[in-house]
Amino acid sequence: MEIQEREQILQHHRHKNPKGSFLGSVSTPMHWFRKLHSELHWSFLVAVLIVYGINQGLGMGLSRVSVQYYMKDDRKLEPSEAQVYFGIIQIPWIVKPLWGLLTDTIPICGFRRRPYFLLSGCLTIVSMLLLSLGENVPLASALSCLVISSVGVAIADVTVDACVTENSIAHPSLTGYMQSLCWFCSSIGALVGFSLSGFLIHLMGSKGVFGILTIPATLIILTGILLRESPAQNFVHRRVDEKFLDAAKLTWMTLKHPEVWRPCLYMYMSLALSLNIREGVFYWFTDAEDGPKFSQEIVGSIFSFGAIGSLLGVLVYQNFLISHSLRATLFWAQLLFGIAGLLDLVLVLRLNLKFYVPDYLFVVMDDIVSIFIIRIKWMPLLVLSSKLCPSGIEGTFFALLMSIDHLGLLSSSWTGGILLHMLKVTRMQFDNLWMAILIRSLFRIVPIGLLFLIPGSDPSLISLPSELLKAKKGDDVCEPETHEMAPLINGA
């Protein structure tokens with residue numbers, strides 16, 4: 001990137017909100033949308049809205065609460081068991097590079113994106129219908145349905161991520177806008193999903209909500225139908241195994257560079273060391289004799305406030321932190337993340353009641369603050385990940401980076417489950433839950449010692465080494481401009 005271009009990017013990211021206040025920044029999502037629409041094809045924005053906003057945002061809000069109640073009430077699982085099973089459900093996200101390789105190297109009927117959107121929607125619809133309509137489904141079969149549904153969501157995610165990454169490479173100055181818009185849509189969708197989840201579970205049970213989850217999957221199928229894509233060129237002249245080998249070589253060549261593997265190591269460790277004991281706290285919320293005993297509707301509303309925290313985190317990062325040093329942003333976010341974990345300790349020890357703070361109000365504040373900090377911590381890593389992907393295997397490599405993150409989440413979930421088991425935190429026994437919360441909060445601060453692995457420069461100036469930027473694209477790699485959403489009449 002030329003020096004003048006870098007100066008323009010830097011000046012662009014440091015441009016202040018014209019209204020001079022955070023309230024004025026609330027309107028910035030429309031600015032992101034207009035900015036992206038002026039330089040990118042409108043179809044890209046539609047795909048982001050459907051995949052991130054509806055399928056992942058709304059779908060996540062509905063599925064998370066319904067799966068939690070399904071495991072607690074329908075399956076009568078212990079908190080430590082639920083932690084392990086939640087980790088298993090996330091395994092399809094760990095193998096995201098496989099889905100990325102498929103979309104990057106193997107066209108189906110001559111197309112790379114449309115068939116995978118169709119496959120994604122079909123997998124989710126079938127698995128959710130089986131789980132929703134089945135009677136006395138064995139635990140192994142129910143878990144398999146949840147895993148297959150996760151596969152469907154992961155395939156749709158990696159397919160749209162490839163388009164995001166391609167546009168990030170073609171328009172590096174828009175990377176922050178694209179990531180912010182993606183997570184803004186996800187946060188809005190999650191807000192709606194969490195707000196409805198408790199009421200829907202109360203009305204029709206967790207299995208009924210599984211049936212509703214077929215609606216977002218249907219929209220993914222519609223996305224695949226409407227997508228107009230240029231057929232892959234010269235595919236018959238190259239064998240599939242050769243294409244996989246070429247992609248694997250370029251992936252390994254990129255991963256060997258210190259500018260790439262060091263941030264990857266930090267991303268994994270920062271997540272793995274943040275021990276996840278969510279199910280233990282969730283069971284205490286709903287079942288503990290001396291706990292708040294929140295209803296399903298209350299639990300859903302609490303999670304919806306967490307989505308508001310996520311949304312605020314995106315807005316704050318885009319308007320005030322996007323041009324700051326990655327290390328400085330991550331240092332304060334990681335430190336505050338550990339401190340915020342102690343709010344759960346205050347709640348479990350019932351200290352909030354001594355200051356006449358109701359449980360619901362305290363939990364809502366806790367969730368907003370915690371998710372806000374998580375989003376602030378996560379946004380710079382997403383921007384960095386987009387800039388580490390070489391041309392030609394954008395979908396594959398971005399999927400690899402995200403799979404590293406999900407591997408960290410899996411490690412965190414299983415380690416947290418082991419911790420709950422060792423401390424004998426069960427469905428009805430929560431005496432040592434405070435100790436698990438304290439240990440988790442201390443471990444959250446440890447990644448501060450690994451910040452030397454992260455580049456210290458302005459995010460807009462970070463790029464791959466020149467030899468990787470010059471890596472030749474394969475002949476049949478899809479270019480970003482070949483994808484556009486078109487009306488059915490134009491497609492016909």
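Residues numbered from 1 in each chain as written. Predicted model: local features only at pLDDT ≥ 70, side-chain atom pairs only at ≥ 80, totals over all residues. Heavy atoms only, no water.

As annotated in an unreviewed UniProt entry, the chain is Folate-biopterin transporter 3 from Trapa incisa. The chain has a UniProt comment under Subcellular location (unreviewed entry) that states "Membrane". The annotation that UniProt attaches to the chain under Sequence similarities (unreviewed entry) is "Belongs to the major facilitator superfamily. Folate-biopterin transporter (TC 2.A.71) family." (UniProt positions renumbered as here; feature names shortened; annotations may be inferred.)

A. Molecular detail of the confidence of the model for the chain. Per-chain confidence: the chain averages 81 in pLDDT, with 83% of residues scoring 70 or above. Within the chain, helix α23 (residues 488-491) has the poorest average pLDDT of any element, 27, and helix α21 (residues 433-445) the best, 96. Confidence drops under a pLDDT of 50 for residues 1-25, and excluding neighbours within four residues, the segment shows 31 contacts in the predicted structure. Predicted confidence for residues 471-492 stays below pLDDT 50, and this span has 52 contacts to residues more than four positions away or in other chains. (pLDDT = per-residue confidence, 0-100. Helix = DSSP H or I, 4+ residues; strand = E, 2+ residues; numbered from the N terminus. Contact = heavy atoms within 4.5 Å.)

B. Highlighting the packing of helix α8 (residues 114-133) against helix α11 (residues 214-226). Packing of α8 against α11 leaves a shortest axis separation of 7 Å and a crossing angle of 160°. By the angle between their directions, the pair α8 and α11 is classed as roughly antiparallel. Along this stretch, α8 crosses α11, giving a crossing that reads as left-handed. Only Thr 214, Ala 217, Thr 218, Ile 220, Ile 221, Thr 223, Gly 224 and Ile 225 of α11 make contact with α8, whose side of the interface consists of Arg 114, Phe 117, Leu 118, Ser 120, Gly 121, Cys 122, Thr 124, Ile 125, Met 128 and Leu 129. A per-class count over the contact of α8 with α11 returns ten nonpolar, seven polar and one charged. (Axes fitted to C-alpha atoms, helices over the stretch in contact; angles between N-to-C directions. Parallel < 35°, antiparallel > 145°, perpendicular 65-115°, else oblique. Left-handed = near helix turned anticlockwise from the far one by under 90°. Nonpolar A, V, L, I, M, F, W, Y, C, P; charged D, E, K, R; others polar.)

C. Expanded view of the pattern of salt bridges. Applying the stated criterion to the full structure yields six salt bridges. Of the charged contacts in the structure, one is a salt bridge between Asp 359 and Arg 350, with a shortest N-O distance of 2.7 Å. Taking relative accessible area as the criterion, Arg 350 reaches 15% and is therefore assigned buried. (Salt bridge = Lys/Arg side-chain N within 4 Å of Asp/Glu carboxyl O. Buried < 20%, exposed > 50% of the residue type's maximum accessible area, 1.4 Å probe, protein only.)

D. Region of the structure containing the packing of helix α4 (residues 42-74) against helix α14 (residues 278-287). Running from amino to carboxyl end, α4 crosses α14 at an angle of 75°, the nearest separation of the two axes being 12 Å. Judged by the inter-axis angle, α4 sits roughly perpendicular to α14. On α14, the residues that touch Arg 64, Gln 68, Tyr 69, Met 71 and Lys 72 of α4 are Arg 278, Glu 279, Phe 282, Tyr 283, Thr 286 and Asp 287. Of the residues contributing to the contact of α4 with α14, the split by class is four nonpolar, two polar and five charged.

E. A look at helix α19 (residues 359-387). With 29 residues, α19 ought to run about 42 Å at 1.5 Å a step, and its terminal C-alpha atoms sit 43 Å apart, in line with that. When you tally the buried positions in α19, you get 21 out of 29 residues, the bulk of the element. (Expected span 1.5 Å × (residues − 1).)

F. Layout of the side chain of Gln 334. Relative to the assigned elements, Gln 334 resides in helix α16 (residues 326-340). Assessed through its relative accessible area of 0%, Gln 334 is described here as buried. Apart from the residues lying within four places of it in its own chain, the contact partners of Gln 334 are Tyr 266, Ser 270, Ser 274, Lys 377, Arg 444, Pro 447 and Ile 448.

G. Spatial organisation of the environment of Thr 175. Counting through the fold element by element, Thr 175 comes out in helix α10 (residues 175-212). We classify Thr 175 as buried; its relative accessible area is 2%. Between the C-alpha atoms of Thr 175 and Ser 386, which are 211 residues apart in sequence, the distance is 7.4 Å. Dropping the residues within four chain positions of it, Thr 175 is found in contact with Ser 168, Val 383, Ser 386 and Lys 387.

H. Structural view of the nonpolar core. Of all hydrophobic cores here, the largest spans 56 residues; its most connected members are Leu 36, Phe 44 and Leu 401. Counting only elements with at least two residues in this core, the list comes to α4, α9 (139-170), α10, α13 (258-272), α15 (296-321), α16, α19 and α20 (394-422). Apart from residues no more than four positions distant in its own chain, Phe 44 is found in contact with Cys 163, Val 164, Asn 167 and Met 178. Membership of the second largest hydrophobic core comes to 51 residues, among which are Ala 82, Val 209, Tyr 283 and Leu 347. (Core = buried A, V, L, I, M, F, W, Y, C linked by side-chain atoms within 4.5 Å.)

I. Quick look at the packing of aromatic side chains. For the coordinates displayed, the defined rule picks out eight aromatic pairs. Plain terms: the ring middles of Phe 194 and Phe 303 are 5.3 Å apart, the flat faces sit at 40° to each other, and that makes the pair tilted. Linking Phe 194 in helix α10 with Phe 303 in helix α15, this pair joins segments that are 109 residues apart in sequence. For Phe 194, a relative accessible area of 4% translates into the label buried. Ring geometry for Phe 294 against Tyr 360: centres 6.5 Å apart, planes inclined by 85°, an arrangement best described as edge-to-face. One end of the pair, Phe 294, is in the loop between α14 and α15; the other, Tyr 360, is in helix α19, and 66 residues separate them in sequence. According to the relative accessible area criterion, Phe 294 is buried, its value standing at 10%. With a relative accessible area of 31%, Tyr 360 lands in the partly exposed category. Geometry around Phe 86 places Arg 278 over its ring, the cationic atom sitting 5.1 Å from the centre. The ring of Phe 337 has Arg 444 lying over it, and the distance from NZ or CZ to the ring centre is 3.9 Å. (Phe/Tyr/Trp six-rings, centres within 6.5 Å; stacked < 30°, edge-to-face > 60°. Lys NZ or Arg CZ within 6 Å of the ring centre and 35° of its normal.)

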